[in-house]
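Working through the structure, step by step
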2 protein chains.
Amino acid sequence: MTTTAGALAFLGETVVEGRVAERRFEVLREGEPIPGILWAPAAVSRAAPLVLLGHGGSGHKRSDRMLELGIRFARDRGFAAAAIDGPGHGDRGGLTSTDDPAYRAIWQRPNNVPEMVADWRAALAALSELELVDAARVGYWGLSMGTMFGLPFVATEPRIRAAVLGKAGLTGSSVDRSGIAPHLREAAPNVTCPTYFHVQWDDERFDRYGSLFLFDQIAAAEKELHTFPGLHAEMTPQALESSIAFLARHLSA
Amino acid sequence: MTTTAGALAFLGETVVEGRVAERRFEVLREGEPIPGILWAPAAVSRAAPLVLLGHGGSGHKRSDRMLELGIRFARDRGFAAAAIDGPGHGDRGGLTSTDDPAYRAIWQRPNNVPEMVADWRAALAALSELELVDAARVGYWGLSMGTMFGLPFVATEPRIRAAVLGKAGLTGSSVDRSGIAPHLREAAPNVTCPTYFHVQWDDERFDRYGSLFLFDQIAAAEKELHTFPGLHAEMTPQALESSIAFLARHLSA
């Protein structure tokens, strides 16, 4: 069943975990569909804060981490949360490994980042029209590729009131692979919302100093750096909860 | 009323907040009394973890922060917690400002740090004899001067199983004043227990890079860096809770 709500077409609804409703949606931008998922409390009494979730490289809008975050924001915090597929990922290409040559090709395409930023802006505009969303309280959560796209998005989107970023920096093998660092360096001084920045201290793909320098470039007066031991893909339950709590604190007020 | 328990003399007991018992104590080291305070759950059923609390410069064993931490560890976590006066502070000199020339004099005294480390070791040995203390689960919490003394203590004391350190680094006006940095630089590679390191990003007394470099020198495989906006003396409730939760997690197991 397809229903439309403003610029947004809902493609179906599932209830996960009883108290959380999950809905697939599409937003059109220049005729192309942007596929997404929206999680929200099954029973909504008033407009809730919205957290946009940016998945990592080789992931997709309903990867384990996105699903976990969507459920936790909706169930535990009463928030809405939404994820969209990145270029080449999920329903937009189905990449499952950052070693896939197609992944590198994405990053070598001109306008890759501005296009994804435009996707996010279109999705945010459509989601903001929903009654269940309080458009004055929108946050962003995205690490690794979720930062490589998300940091430039947050930097140019004043509707984002708080952000969780990280697992990305100015140097490292992932930078060599993507050539994305200049974008991050240029965008960081325009990030002014309260920012939580996550670093895996032993990250084998973005080295720690390149991450610290990126953090240092972020202009937000209210910014926090949190580093934890372990490789790029590792993240402890405490670290995840800490990042969720940061957004909850800033968006609940 | 004075009662003795092994090497420790209790000088009186107060119950604060109903569920927390607070006791002043003294431990003798080479004939000199080390004055301290022990907080513990008023009703103790089995040996509890112990957190040693190192106060900051111009503070003392029962400064607001120490009292708050003692109560929170005892009441909220069921832990014991103990603080002792640093040299020149509290009952050992009564310093109330780090601008006091006597403060600088403390740091210019040879063996200042080894003496305080020895005080901590004597206090820990005495406290470990108490039935209410589980000597296998001891942690340390100390920022600023609590790190300037505490980091060398943690570095040489294998009984410390987890530590909260920070608000201190290798460069900054407080380093110029104390000349303490060589000590910290030498000791950090011997800190091997799980360590939570707190940085105030706008610290006017220890600059951020000197703090990051100190953190980098800490040898612990399991170490976390947490930076928050604000000047040296500032600390948000969330940052404090986060440091408490770290010790609770590592000492509860």
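For the structure itself, consult the block above.
The following refers to the structure shown. (Residues numbered from 1 in each chain as written. Chains lettered and ligands numbered in written order. Predicted model: local features only at pLDDT ≥ 70, side-chain atom pairs only at ≥ 80, totals over all residues. Heavy atoms only, no water.)

Looking now at the pairing of strand β10 (residues 223-228) of chain B. Successive side chains on a regular strand alternate, one facing one side of the sheet and the next facing the other. Taken across its six residues, β10(B) has six buried, putting it largely inside the fold. By the alternation rule, side chains of β10(B) split into B:K223, B:L225 and B:T227 and B:E224, B:H226 and B:F228, which are all buried. Where strand β10 (residues 223-228) of chain A meets β10(B), three bridges bridge the pair, whose relative direction is antiparallel. Within β10(B), the position partnered with A:T227 by the bridge is B:L225. Where strand β9 (residues 195-200) of chain B lies against β10(B), six bridges are found, and the strand directions are parallel. Counted as the bridge partner of B:F197 is B:L225 from β10(B). Once you follow β9(B) into helix α8 (residues 208-217) of chain B and on to β10(B), the crossover reads as right-handed. (Buried < 20%, exposed > 50% of the residue type's maximum accessible area, 1.4 Å probe, protein only. Helix = DSSP H or I, 4+ residues; strand = E, 2+ residues; numbered from the N terminus. Pairing = 2+ DSSP bridges. Right-handed = clockwise from strand over helix to strand, strands pointing away.)

Attention now goes to helix α9 (residues 237-252) of chain A. The end-to-end C-alpha distance of α9(A), which contains 16 residues, comes to 22 Å, matching closely the 22 Å that a straight helix rising 1.5 Å per residue would cover. Turning to α9(A), its buried residues number three or more, namely A:A239, A:L240, A:S243, A:I244, A:F246, A:L247, A:A248 and A:L251. (Expected span 1.5 Å × (residues − 1).)

Below, the discussion takes up the relation of the copies chain A and chain B. Rotating chain A by 180° and translating it 0.0 Å along the rotation axis places it on chain B, where the RMSD comes to 0.0 Å. The transformation relating the two chain copies, once decomposed into turn and shift, fits a two-fold axis. Across chain A, the smallest distance between a C-alpha and the rotation axis is recorded for A:H226, namely 2.3 Å. Comparing contact sets, 100% of the residues at the interface of chain A also lie at the interface in chain B, consistent with an isologous, same-surface contact. (Least-squares fit on C-alpha atoms with pLDDT ≥ 70 in both. Contact = heavy atoms within 4.5 Å.)

Looking now at the interface of chain A and chain B. Bring the parts together and some accessible area is lost; that lost area is often taken as the interface size. Counting from both sides, the interface comprises 18 residues of chain A and, opposite them, 18 residues of chain B. Carbon and sulfur atoms supply 58% of the area that chain A and chain B bury against each other, a total of about 1600 Å² over both sides. There are two salt bridges connecting chain A and chain B. Here B:D216 makes a salt bridge to A:R208, at a shortest N to O gap of 3.2 Å. Our count for the chain A to chain B interface comes out at seven residue pairs in polar contact (both at pLDDT 80 or more). Looking at the side of chain A that touches chain B, the elements that each hand over two or more residues are α8 (208-217), β10 and α9 of chain A. (Buried area = accessible area lost by both parts, 1.4 Å probe. Salt bridge = Lys/Arg side-chain N within 4 Å of Asp/Glu carboxyl O. Polar contact = N/O pair within 3.5 Å; in protein donor to acceptor, adjacent residues only side chain to side chain.)

To continue, consider helix α2 (residues 101-108) of chain B. For an α-helix the count is 3.6 residues per turn, leaving residues at separations of three or four pointing the same way. Residues and elements named next belong to chain B. Those residues of α2 that fall on the buried side of the exposure criterion are Y103, I106 and W107. End-on view of α2: buried residues confined to an arc of 90°, all on one side of the axis. Set apart from the buried face of α2 by more than 90 degrees, the exposed residues are P101 and Q108. Lining the buried residues of α2 we find α3 (112-128), α4 (145-148) and α6 (173-178). Where α2 begins, one side-chain oxygen reaches toward the backbone nitrogen of A102, 2.8 Å away; that side chain belongs to D100. (Arc of directions from axis to C-beta.)

A word on the packing of helix α1 (residues 64-77) of chain A against α9(A). Residues and elements named next belong to chain A. Packing of α1 against α9 brings their axes to within 12 Å, and their N-to-C directions diverge by 50°. When the axis of α1 is compared with that of α9, the two are oblique. As α1 packs across α9, the resulting crossing turns out to be right-handed. Here α1 contributes R65, E68, L69, R72, F73 and R77 to the contact with α9, which in turn contributes L240, E241, I244, A245, L247 and A248. Here the residues of the contact of α1 with α9 sort into seven nonpolar, no polar and five charged. (Axes fitted to C-alpha atoms, helices over the stretch in contact; angles between N-to-C directions. Parallel < 35°, antiparallel > 145°, perpendicular 65-115°, else oblique. Left-handed = near helix turned anticlockwise from the far one by under 90°. Nonpolar A, V, L, I, M, F, W, Y, C, P; charged D, E, K, R; others polar.)

This part covers the environment of B:G166. Residue and element names in this part refer to chain B. Of note, G166 is situated in strand β8 (residues 160-166). For G166, a relative accessible area of 0% corresponds to the buried category. The spatial distance from the C-alpha of G166 to the C-alpha of A105 is 23 Å, given a sequence separation of 61 residues. When sequence neighbours within four positions are dropped, the list of residues in contact with G166 reads G142, L143, S144, T147, F197 and H198.

For any pair of aromatic rings, the description rests on two quantities: the centre-to-centre distance and the angle between the ring planes. Applying the stated criterion across every chain yields a total of 20 aromatic pairs over all chains. Between the aromatic rings of A:F215 and B:W201, the centroid separation amounts to 4.8 Å while the plane-to-plane angle is 80°, which identifies the pairing as edge-to-face. With A:F215 in helix α8 and B:W201 in the loop between β9 and α8, the pair connects residues from two separate chains. In this structure B:W201 comes out as buried when scored by relative accessible area, which is 4%. A centroid spacing of 5.8 Å and a plane angle of 85° characterise the contact between B:W120 and B:Y140, whose relative ring orientation is edge-to-face. Placement of B:W120 in helix α3 and of B:Y140 in strand β7 (residues 133-142) is noted, with a sequence separation of 20 residues between them. (Phe/Tyr/Trp six-rings, centres within 6.5 Å; stacked < 30°, edge-to-face > 60°.)

The next point concerns the pattern of salt bridges. A complete count under the given rule lists 36 salt bridges over all chains for this structure. Here A:K61 and A:D91 are joined by a salt bridge, their closest N and O atoms 2.7 Å apart. Within this pair, whereas A:K61 is found in the loop between β5 (48-54) and α1, its partner A:D91 is found in the loop between β6 (80-84) and α2 (101-108), the two being separated by 30 residues in sequence. A residue is classified by how much of its surface remains accessible, and A:D91, at 51% relative accessible area, is exposed. The partner of B:E68 in a salt bridge is B:R72, and the shortest N-O contact between them spans 3.3 Å. With B:E68 and B:R72 both in helix α1 (residues 64-77) and four residues apart, the pair spans about one turn of that helix. Through salt bridges with shared partners, a single ionic network connects A:R29, A:E30, A:R92, A:E115 and A:D119.

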